[in-house]
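Residue-level listing of the chains:
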Amino acid sequence: MIFRELALAVWVSLKTSGLAALIASLIAVPAALFLAGREFRAKKLILVINQTWMAAPTVVIGLLFYSLLSRSGPLGRLGLLYTQAAMTVGQVFLILPLIVGFSYTALRQVDKRARRTALTLGATPRQAGWIVLREARFPLLVAVLAGFARAVSEVGIAMMLGGNIRNVTRNITTSIALETAKGEFRNGVVLGAILLVITLGINVLVQTGFRGRDGE
Amino acid sequence: MSDAVYRLENVAYRHPGPPGTAFRLEIDALTVRAGEILALVGPNGAGKTTLLSLLAFLSRPAAGRLEFLGGDPWADGDRVVAARREAVLVTHHPYLFKGSVGDNVAFGLKLRGRPEAEIAARVRAALALVELDGGERRPVSGLSAGQAQRVALARALALRPQVLLLDEPTANLDAALGMRMEALLRESGPERGTTIVFSTHNFSQASRLAGGILYLSEGRQVEFSHENCFSGTAETDGRTSWIEPRPGVRIVFSGAKRGHVTCVIDPAAIRILPASAAAPSGAGPNVFRGRVTRMETTDAARALVRTSGDIVLRAVLPVRDLEAAGVSLSREVLLRFDPDAVEVVGDRPADGEKPA
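Now for a look at the structure at hand. Throughout, a residue's number is its position along its own chain's written sequence, starting from 1. For naming, the first written chain is A and the first written ligand is 1, with later ones following in the order written. At least 70 in pLDDT is required for a residue's local features to be given in this predicted model, at least 80 for side-chain atom pairs to be given and counted, and no such filter applies to totals for whole chains, interfaces and linings, which use all residues. Only hydrogens and water are set aside; all other atoms, that is, all heavy atoms of the structure, feed into the side-chain values.

## Describing the overall build of chain A
Strands here mean DSSP runs of E at least two residues long; helices mean DSSP runs of H or I at least four residues long; both are numbered from the N terminus. The secondary structure content of chain A amounts to ten helices and zero strands. The secondary structure elements of chain A, listed N-terminal to C-terminal, are α-α-α-α-α-α-α-α-α-α. For chain A, the spread of C-alpha atoms along the three principal axes comes to 65 × 45 × 25 Å. Counting only residues that meet the buried cut, chain A has 45% of its 216 residues in that class. Contact definition: two residues touch when any of their heavy atoms are within 4.5 Å. Residue pairs at least 24 apart in sequence account for 75% of intrachain contacts in chain A once pairs closer than 6 positions are excluded. In this charge count, Lys and Arg are treated as positive and Asp and Glu as negative; neither His nor the chain ends contribute. To locate a charge, take atom NZ for lysine, CZ for arginine, CG for aspartate or CD for glutamate. Mean positive and mean negative side-chain charge positions of chain A (23 and 9 charges, respectively) differ by 8 Å. Per-residue accessibility, obtained with a 1.4 Å probe over protein chains only, is compared with the maximum for each type, and a residue is labelled buried under 20%, exposed over 50%, and partly exposed between these values.

## Focus on the environment of Arg-186 of chain A
In this structure, Arg-186 of chain A sits in helix 10 (residues 185–214). On a C-alpha basis, the gap between Arg-186 of chain A and Ile-176 of chain A in space is 9.8 Å, while along the polypeptide they are ten residues apart.

## Here we look at the interface of chain B and chain A
At the junction of the two partners, chain B supplies 23 residues and chain A supplies 20 residues. Once two parts are joined, some of their accessible surface, as seen by a 1.4 Å probe, is lost; buried area is that loss totalled over both. Taken over both partners, the interface formed by chain B and chain A buries close to 1800 Å², and the fraction arising from carbon and sulfur atoms is 56%. Any Lys or Arg side-chain nitrogen located within 4 Å of an Asp or Glu carboxyl oxygen qualifies as a salt bridge. Taken together, chain B and chain A are joined by zero salt bridges. We define a polar contact as two N or O atoms separated by no more than 3.5 Å, with the added condition that, inside protein, one atom must be a possible hydrogen donor and the other a possible acceptor, whereas residues neighbouring each other in sequence contribute only through side-chain atom pairs. For the pair chain B and chain A, the number of links is eight residue pairs in polar contact (both at pLDDT 80 or more). Each residue is assigned to one class: nonpolar for Ala, Val, Leu, Ile, Met, Phe, Trp, Tyr, Cys and Pro, charged for Asp, Glu, Lys and Arg, and polar for all the others, Gly among them. When the residues that make up the side of chain B that touches chain A are grouped by side-chain class, the tally is 13 nonpolar, five polar and five charged.

## Concerning the packing of helix 2 (residues 43–54) of chain A against helix 4 (residues 84–108) of chain A
Residue and element names in this part refer to chain A. One way to put it is that helix 2 packs onto helix 4 with a least axis distance of 8 Å and a crossing angle of 130 degrees. One element, helix 2, and the other, helix 4, form an angle in the oblique class. The hand of the helix 2/helix 4 crossing is left-handed. Contact with helix 2, carried on its side by Lys-43, Leu-47, Asn-50, Trp-53 and Met-54, involves Phe-93, Leu-96, Pro-97, Leu-98, Val-100, Gly-101, Tyr-104 and Arg-108 of helix 4 and no other residues of that element. Residues belonging to the contact of helix 2 with helix 4 are distributed by class as follows: nine nonpolar, two polar and two charged. A fitted line through C-alpha atoms serves as each axis, taken over the contacting stretch for helices, and the angle formed by two N-to-C directions is quoted from 0 to 180°. In what follows, roughly perpendicular refers to angles from 65 to 115 degrees, roughly parallel to angles under 35, roughly antiparallel to angles over 145, and oblique to any angle outside these ranges. A crossing counts as left-handed when the near helix is turned anticlockwise from the far one by less than a right angle, and as right-handed when that turn is clockwise.

## Focus: the layout of surface pockets
All names here are of chain A. Each cavity reported here is a set of points on a 1 Å grid over the protein atoms alone in which a 1.4 Å probe fits but cannot get out, each pocket an open set with protein on both sides within 12 Å along at least five of seven lines, and each lining residue one with an atom within 4 Å of a point. Grid points are joined across faces, edges and corners, and a volume is the space filled by probe spheres set on the points. Each pocket or cavity is described by its volume, and for the largest pocket that value is around 630 Å³. Ala-36, Gly-37, Arg-38, Arg-115 and Val-132 are, among the 16 residues lining the largest pocket, the residues nearest its centre. Only helix 1 (3–37), helix 4, helix 5 (113–120) and helix 6 (125–135) provide two or more residues apiece to the lining of the largest pocket. No other element matches helix 1, which puts four residues into the lining of the largest pocket. Its residues assigned to classes, the lining of the largest pocket comprises seven nonpolar, two polar and seven charged.

## What to know about the pairing of strand 3 (residues 37–41) of chain B
All names here are of chain B. Most of strand 3 sits out of view: five of its five residues are buried. Across the two faces of strand 3 the burial is the same, with Ile-37, Ala-39 and Val-41 and Leu-38 and Leu-40 all buried. The rule for pairing is simple: two strands pair if DSSP sees at least two bridges between them. Looking at chain direction, strand 3 and strand 7 (residues 195–200) are connected through five bridges and run parallel. Note on strand 7: the bridge partner recorded for Ile-37 is Ile-196.

## Brief notes about the pattern of salt bridges
The full count for this structure, using the stated rule, is 20 salt bridges over all chains. Here Arg-113 of chain A ties to Asp-111 of chain A by a salt bridge, and the two come within 2.6 Å at their closest N and O atoms. What makes Asp-111 of chain A partly exposed here is its relative accessible area of 28%. A salt bridge links Arg-114 of chain B to Glu-118 of chain B, with the nearest nitrogen and oxygen atoms 3.8 Å apart. A relative accessible area of 37% places Arg-114 of chain B in the partly exposed class. Residue classification places Glu-118 of chain B among the partly exposed residues on the basis of a relative accessible area of 26%. A single network of salt bridges, built from pairs that share partners, joins Glu-5, Arg-166 and Arg-170 of chain A.

## A look at the side chain of Asn-164 of chain A
Residues and elements named next belong to chain A. Summarising the element assignment, Asn-164 is placed in the loop between helix 8 (156–162) and helix 9 (172–182). Its relative accessible area of 11% is what places Asn-164 among the buried residues. Apart from residues no more than four positions distant in its own chain, Asn-164 is found in contact with Ala-158, Met-159, Thr-169, Arg-170, Thr-174, Ser-175 and Leu-178.

## What to know about helix 1 (residues 48–55) of chain B
Counting buried positions over the eight residues of helix 1 of chain B gives seven, a clear majority of the element. Trailing helix 1 of chain B by a residue or two, Phe-57 of chain B shows a phi angle of about 60 degrees, which is positive.

Laid out in structure tokens, this is it:
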């Protein structure tokens, strides 16, 4: 496996999973803020569905989107199948419930007095919402990172929706699968180590940066 | 009058909760004037914190009219935010945002878009007022409950609001610091034109600080009477002093005082004994005979007992002690309290003498 090919696989992993984590967070964190701040009848049901969705195997999500995006599927006209965009969409759906669940727990743990204190000190309701998010910034970031880690390490969606096309949709995990199938275990182990180093590096950066600043 | 900061008419608020626990607050009429210090006094669950929350516009009345500076703050969202910026609440267990003491005190000023230099100056001044000078950089995670309460007070003082709402402001402070905070509130009140509404369990603190007292019980304002509050000309033997609010009725308190004195007796410090107990003579000072004229439970554990006789007294005692004390309506009882339980809240020295 040549270096350029390896670098491209790493880049595809970072790009698709990073984008998926960003998009999923933009949906999941406000949803979690809504769920954490309100009590309504359907809330329990939504949380149960979310938890069930969290356990969905990647191949099931891959299969679902494959049937939607394939030429004969309802979204076939978009021509997304076997593209990085399709991989990102599939990964968004994979990690969305995970980030919702973690963010919900993080926001529920923010002291209820935080919002009232912000309001009495003159915050608008929107500013008070931001302040609650700020108070939970570390666990929220952990939620986003957990989502990213889940996306970057999955193989089912990348394989089914990306098609493992060389230098286009081949990422680290599909490369590992391919190298292993070819009997090139050494390449597989190297790619796995790269994957671990990437996630470790991000985690260390976040932990040291945030904990140091907050004095937590 | 146009100087009314708050005007409440038939305001009702219902705090939702499971059946049997729902709480209702009803205020028939209340006016708070600019620069006034108003104390909310009452037992736990009386509605003091709920009323403060209504006055801070953190809760909306279910019925009635709540006017602030002549308008209805709940008329639209912008007005509520503007009203909140002029009526800042400091809670009993204040919440401090993650970060430093300085970040917290600067919080409201930043929301108001004040220039950095002004924020720094106001933060310094506010921390000095609560005796936390130079503590800007200190992380809030290491503060004691008393320090946290002082930071929260500084955070509110830095904003210089028209109204300061304080829920048991000295509850987490030791006695000496509590007195200094009382002095600070007195200075922040009429002298600076800030209106202060604070809640307390401490009747004598309310008498010392406030120009008006609103007594709450079970969510309703109740007529405040001067029970347990007596005035008279004090005599002293050098060690203890006494006043005689009525001929033959002597209230003894510690310390040497002369001149006109107003004192209060903490209702929780009054013991009720069966009338058949040992005769008052030889039992020490402050033993009075009375008849129970009113009994009510203030919460599940405590009872309020009002007696008439030598003097009218109100006592608070654990419900379980009612029977032991032989307390029932119209029953004759003995009431007794220690001279140290009598607190002098106002004194005017006799002519030609300097205050003690």
